[in-house]
Amino acid sequence: STFCQFPYFHNPTCVRSQVPSTASSFPGDTFCKIFWMGTPRQAEAPGDHGNLTDLFLPRFFDLPAYDLNEHWNGQNNAYFQCNMTDDPRSIFDKPWNETRSCVKDSYKGISLLESREALLDCPEKIRYQERTVMYPSAINTAEWEQLYFVFVFDRRSGSQMEAGLNLGQTLFICLLLGAGALTFSNDANKYVLQPIERMIANVEKIRNNPLAAMSIGDQESHKQGDSKRKHGVRRTLEQSMTIRSNSEESWWTQKKMSIIFYWGRIMARYRKEGRTGQPEPMETVVLEKTIIKIGALIALGFG
């Protein structure tokens, strides 16, 4: 009956709800659970040691009956192995002629999940990437031709987790690429397309009415004045914060103002502001101002 220890250790029918609170782990903590055990049909041929197929499964015959679940479920162990169906002896105690032929009639064995999933009676019923096959590799040719055991593990739970993780990774990459594309498109529109469109519109206005360049220049000077005033207000606010932080105020107020002040300095450096406090103009902005100035000169030339 020691043969039953291995399938109980990898019990495929064990679920979390069956595990007692005293147990620290159970077979469901791994992704591989045994579901099929078999041996090649070549063992049916009588050899020097006779027909070895009777040695494949544990046969109880006239041995005293005992409960396999009670003996191997690990009720008092830290690793709880659960019960294997209500009648586990009906799974293991089978004659050779009652086992099922599988893998193109090359192997015969039993499925531990057939009572729960009728379609899983052979290893080929599970996709290749969802099963793991274990067989002895350190045997000689004579032993290979006589009898060896094959164990097939069900790793569908691991494949499902891998599929979920791959799906999440794909969605994250799509989201990342989409956000990057939107950001790049927004920057391209703001710093390239919109200035070019404004330049084309200004050139069209100047072409239709050269005197319109004067009004365009006035509007541009007003925008620059507003920008300078806003920057002056910000500079005044920073200076006032510096002065107030040196006065007799509470410790928390001084810290808060210091954080706001240094955060403004960091953002100013991030925007590549020069000593004059004005952001470095883009080439498109310089070209747009040049067109406006040329238009203003043309308007002056026309009187």
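Anything mentioned here points back to the structure above.
So, how was this worked out
Residues numbered from 1 in each chain as written. Predicted model: local features only at pLDDT ≥ 70, side-chain atom pairs only at ≥ 80, totals over all residues. Heavy atoms only, no water. Salt bridge = Lys/Arg side-chain N within 4 Å of Asp/Glu carboxyl O. Helix = DSSP H or I, 4+ residues; strand = E, 2+ residues; numbered from the N terminus. Buried < 20%, exposed > 50% of the residue type's maximum accessible area, 1.4 Å probe, protein only. Pairing = 2+ DSSP bridges.

Engineer: Sorry if this is basic, but what is going on with the pattern of salt bridges here?
Structural biologist: Two side chains bearing opposite charge may form a pair once their charged atoms approach each other closely. Overall, the coordinates contain eight salt bridges when judged by the stated rule. Between Arg100 and Asp121 there is a salt bridge, with the nearest N and O atoms lying 3.6 Å from each other. Taken together, the residues Arg100 in strand 2 (residues 100-102) and Asp121 in the loop between strand 3 (107-111) and strand 4 (131-134) connect sequence positions 21 residues apart. For Asp121, a relative accessible area of 11% translates into the label buried. One salt bridge connects Glu130 with Arg127, and the closest N-O pair in it is separated by 2.5 Å. The class for Glu130 is buried, based on a relative accessible area of 11%. Each of Arg100, Glu114, Asp121 and Lys125 takes part in salt bridges that share partners, so that together they form one network.

Engineer: Would you explain unusual backbone geometry in this entry?
Structural biologist: Unusually for a residue other than glycine, Thr85 sits at a positive phi of about 60°. You can see Thr85 is positioned in the loop between helix 2 (68-72) and helix 3 (89-92). Given the relative accessible area of 24%, Thr85 is considered partly exposed. Despite not being glycine, Lys104 has its phi angle at roughly 55°, a positive value. Looking at the secondary structure, you find Lys104 in the loop between strand 2 and strand 3.

Engineer: Even after reading the chapter, I still don't get the pairing of strand 3, so can you show me in this structure?
Structural biologist: Successive residues of a regular strand alternate their side chains across the two faces of the sheet. Taken across its five residues, strand 3 has four buried, putting it largely inside the fold. Where strand 1 (residues 33-40) and strand 3 come together, five bridges link them in antiparallel fashion. Bridge pairing in strand 3 links Met37 to Ile110. In this structure, the hairpin formed by strand 2 and strand 3 is closed by a connection of four residues, where Val103 is found at a positive phi of approximately 55°.

Such coordinate-based values are descriptive only and should not be taken to indicate function.
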